[in-house]
Amino acid sequence: LVGYLIAGILVGPYTPGFVADHHMAEQLAEVGVILLMFGVGLHFHLKDLMAVKGIAVMGALVQSTVATGLGALAFHAMGWSWAQGVVFGLSLSVASTVVLIRVLSDSGTMHSATGRVAVGWLVMEDIFTVFVLVMLPVVFKPEAGASLPKELGMAALKLALFVGFTLVAGGKAIPWLLRKVAETHSRELFTLSVLALALGIAAGSAYFFGVSMALGAFLAGMVVGQSEFSARAGGEALPLRDAFAVMFFLSVGMLFDPKAAMASPGFIAMATSIVLIGKPLAALLIVTLMGYGSKVGFGVALALAQVGEFSFLLATLGRDSGALPASAMNPLVASAIVSIMLSPLLYRSAPAWERALQRFPRLWRLMNRASGRRGELIAVDETPV
């Protein structure tokens with residue numbers, strides 16, 4: 001991941017030599033995110049999401065609020081307006097889909113208690129982000145006050161219609177379509193059909209319902225995952241997802257301006273501190289208070305300690321709507337690069353933090369006293385598979 005980020009910096013517009021097409025890189029990165037989320041949906045069943053819905057909803061909401069509040073306070077103190085601080089804090093609150101899934105997959109803990117909570121948490125963050133993306137242009141329009149409730153109501157209605165349509169109607173139509181394609185005994189046609197479903201539903205979700213393409217791809221993967229073609233779809237149709245996901249890291253690196261970074265080290269240090277310290281502490285507190293114990297708490301907290309694709313989408317929209325200054329992109333990119341580089345190392349350090357906590361028996365018992373109520377989920381093996 002570090003190599004991909006450095007490669008993006010080297011071919012970006014802020015370093016000498018060859019300059020790659022950033023628009024093309026962003027489009028390829030979007031395809032990678034869609035395929036990645038489709039693959040996650042294939043193996044993340046609805047019952048898994050329902051099993052962690054309480055912690056996922058509360059955790060995503062509280063952690064986003066904490067990160068937004070810290071961003072507003074910190075950057076207002078550094079000279080920004082309150083509105084600019086809130087929007088930038090919202091950008092820092094969203095974790096990276098690509099990084100989280102790669103970290104969980106590489107460590108073999110995707111289907112552990114930590115993996116289930118972290119993925120469910122991220123799905124809820126994506127849903128909240130949809131509302132924020134709808135709200136930003138409305139809030140910063142001159143006539144925002146009168147139309148805001150209507151816009152929020154429309155966003156909620158569109159999201160509910162999309163989820164219902166995908167899970168109910170898609171649950172019948174998609175397996176039937178894949179069954180008919182499988183009867184042709186054409187491997188190429190089956191592969192193309194699955195890719196067309198993933199990309200088509202993702203694009204349709206954004207065009208018709210106004211939700212994120214990543215969320216649409218995730219729901220499409222969940223529908224296919226309920227059919228008998230789940231394993232075949234994962235084995236045959238997604239060999240390119242890692243190659244396209246690499247483009248996400250390249251596109252992030254291309255946004256980084258080293259000269260601007262050296263000119264504003266305070267902004268970068270503050271943004272990075274919120275991502276690597278503020279967000280994990282909030283997540284650890286939420287997970288342990290809800291009875292999942294310190295082991296899952298450290299894992300989830302450190303797995304979510306980064307910013308990613310939705311952060312840049314929020315920041316770009318904020319900049320275009322006048323909610324953020326153009327200079328805000330560089331501390332966001334810098335904090336993303338640092339957090340993405342450290343994310344795998346931080347996640348692997350979770351057992352060490354748990355062992356360190358056990359040296360303080362009273363604190364350890366306090367953080368784990370309610371974990372028995374989550375016995376079914378905690379019992380899931382946390383060892384790599």
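Cut-offs and rules
- Residues numbered from 1 in each chain as written.
- Predicted model: local features only at pLDDT ≥ 70, side-chain atom pairs only at ≥ 80, totals over all residues.
- Heavy atoms only, no water.
- Helix = DSSP H or I, 4+ residues; strand = E, 2+ residues; numbered from the N terminus.
- Rg over C-alpha atoms; globule rule 2.2 N^0.38 Å.
- Buried < 20%, exposed > 50% of the residue type's maximum accessible area, 1.4 Å probe, protein only.
- Areas by Shrake-Rupley, 256 points an atom, 1.4 Å probe, with all protein chains shown as cover.
- Lys, Arg positive; Asp, Glu negative; His and termini not counted.
- Salt bridge = Lys/Arg side-chain N within 4 Å of Asp/Glu carboxyl O.
- Core = buried A, V, L, I, M, F, W, Y, C linked by side-chain atoms within 4.5 Å.
- Contact = heavy atoms within 4.5 Å.
- Expected span 1.5 Å × (residues − 1).
- Axes fitted to C-alpha atoms, helices over the stretch in contact; angles between N-to-C directions.
- Parallel < 35°, antiparallel > 145°, perpendicular 65-115°, else oblique.
- Nonpolar A, V, L, I, M, F, W, Y, C, P; charged D, E, K, R; others polar.
- Left-handed = near helix turned anticlockwise from the far one by under 90°.
- 1 Å grid on protein atoms, 1.4 Å probe; cavity = no way out; pocket = protein on both sides within 12 Å on 5 of 7 lines; lining within 4 Å.
- Points joined across faces, edges and corners; volume = space filled by probe spheres on them.
- Patch = residues over 30% accessible without salt bridge, like charges linked within 9 Å, V, L, I, M, F, W, Y side chains within 5 Å.
- Polar contact = N/O pair within 3.5 Å; in protein donor to acceptor, adjacent residues only side chain to side chain.
- pLDDT = per-residue confidence, 0-100.

(A) A look at the overall build of the protein. Across its full length, the protein holds 20 helices and zero strands. The C-alpha radius of gyration of the protein comes to 21 Å, within 12% of the 21 Å expected for a compact globule of 385 residues. Reported as C-alpha extents along the three principal axes, the dimensions of the protein are approximately 65 × 55 × 50 Å. A burial count over the protein gives 52% of its 385 residues as buried. Counting only carbon and sulfur atoms, one obtains 69% of the accessible surface of the protein, whose full area is about 17,100 Å².

(B) Structural view of the side chain of Glu125. Note on placement: Glu125 falls in helix 7 (residues 113–139). For the buried Glu125, no salt bridge is present, and the opposite-charge side chain at shortest range is Lys279, 5.5 Å distant.

(C) Examining the nonpolar core more closely. Counting residues in hydrophobic clusters, the biggest one holds 113 residues, and the most contacted among them are Phe88, Leu92 and Trp121. Of the residues forming this core, the biggest block, 13 residues, is contributed by helix 7. When residues no more than four places from it in sequence are discounted, the contact partners of Leu92 are Phe75, Ala271, Ile274, Val275, Lys279, Val307, Leu332 and Ser335.

(D) Fine view of helix 12 (residues 241–254). The end-to-end C-alpha distance of helix 12, which contains 14 residues, comes to 21 Å, matching closely the 20 Å that a straight helix rising 1.5 Å per residue would cover. Counting buried residues in helix 12 gives ten out of 14 residues, a clear majority hidden from the surface. As for helix 12, its buried residues are in contact with helix 1 (2–10), helix 2 (22–43), helix 6 (97–107), helix 16 (309–320) and helix 17 (329–348).

(E) Quick look at the environment of Gly85. By the secondary structure assignment, Gly85 is in helix 5 (residues 82–93). Owing to a relative accessible area of 0%, Gly85 belongs among the buried residues under this scheme. As a C-alpha pair, Gly85 and Leu73 span twelve residues in sequence and 7.0 Å in three-dimensional space. Beyond its immediate stretch of four places on either side in the chain, Gly85 contacts Thr68, Gly71, Ala72, Phe75 and Trp80.

(F) Local environment of the packing of helix 16 against helix 17. Two elements in contact, helix 16 and helix 17, have axes separated by 11 Å at closest approach and are oriented at 175 degrees. Classified by the angle between their axes, helix 16 and helix 17 sit roughly antiparallel to one another. Between helix 16 and helix 17, the residues in contact are Ser311, Phe312, Ala315, Thr316 and Arg319 and Met329, Leu332, Val333 and Ala336, respectively. Its residues assigned to classes, the contact of helix 16 with helix 17 comprises six nonpolar, two polar and one charged.

(G) Expanded view of the packing of helix 1 against helix 12. Look at helix 1 against helix 12: their axes get within 6 Å of each other, and the N-to-C directions meet at 45 degrees. With respect to helix 12, the element helix 1 is oriented oblique. Relative to helix 12, helix 1 is oriented so that their crossing is right-handed. Residue-level inspection shows Tyr4, Leu5, Ala7, Gly8 and Ile9 of helix 1 in contact with helix 12, the latter providing Val246, Phe249, Leu250, Val252, Gly253 and Met254. Residues that form the contact of helix 1 with helix 12 fall into these classes: nine nonpolar, two polar and no charged.

(H) Structural view of the layout of surface pockets. Empty space within the largest pocket amounts to approximately 890 Å³. As for the largest pocket, its lining consists of 35 residues, and the residues nearest its centre are Glu26, Glu309, Phe312, Leu313 and Thr316. Elements that contribute at least two residues to the lining of the largest pocket include exactly helix 2, helix 7, helix 10 (213–225), helix 12, helix 16 and helix 17. No other element matches helix 16, which puts seven residues into the lining of the largest pocket. Across the lining of the largest pocket, the residue classes break down as 21 nonpolar, nine polar and five charged.

(I) Representation of the environment of Ile277. Within the fold, Ile277 resides in helix 14 (residues 265–289). Along the backbone, Ile277 and Met78 are 199 residues apart, and their C-alpha atoms lie at a distance of 19 Å.

(J) Structural detail: the environment of Arg348. Here Arg348 shows up in helix 17. Taking C-alpha positions, Arg348 is 9.2 Å from Ala303, a pair spaced 45 residues apart along the chain.

(K) Spatial organisation of a nonpolar patch on the surface. Taken together, Leu46, Met50, Leu167 and Val168 make up a surface patch of nonpolar side chains, about 330 Å² in accessible area. Sorting the residues of the nonpolar patch by element identifies helix 3 (46–51) and helix 8 (144–182) as the ones contributing at least two each. Following the sequence through the fold, Met50 ends up in helix 3.

(L) Up close: helix 9 (residues 187–209). With 23 residues, helix 9 extends 32 Å from end C-alpha to end C-alpha; this agrees with the ideal 33 Å at 1.5 Å per step. Buried within helix 9 are the following residues: Phe190, Thr191, Ser193, Val194, Leu197, Ala198, Ile201, Ala202, Gly204 and Ser205. At the exit of helix 9 stands Gly210, carrying a positive phi of roughly 75 degrees.

(M) A look at the side chain of Asn330. When you line up the elements, Asn330 lands in helix 17. Taking the relative accessible area as the measure of exposure, Asn330 reaches 9% and is therefore buried. In this structure the side chain of Asn330 is engaged in a polar contact, spanning 3.1 Å, whose partner is the backbone nitrogen of Asp257.

(N) Here's a closer look at the confidence of the model for the protein. Residues at a pLDDT of 70 or more form 92% of the protein, whose mean pLDDT is 83. Mean pLDDT per element in the protein: helix 20 (residues 375–378) is the minimum at 43, and helix 14 is the maximum at 92. Between residues 375–385, whose pLDDT stays under 50, and residues either more than four places distant or in other chains, the model counts 24 contacts.

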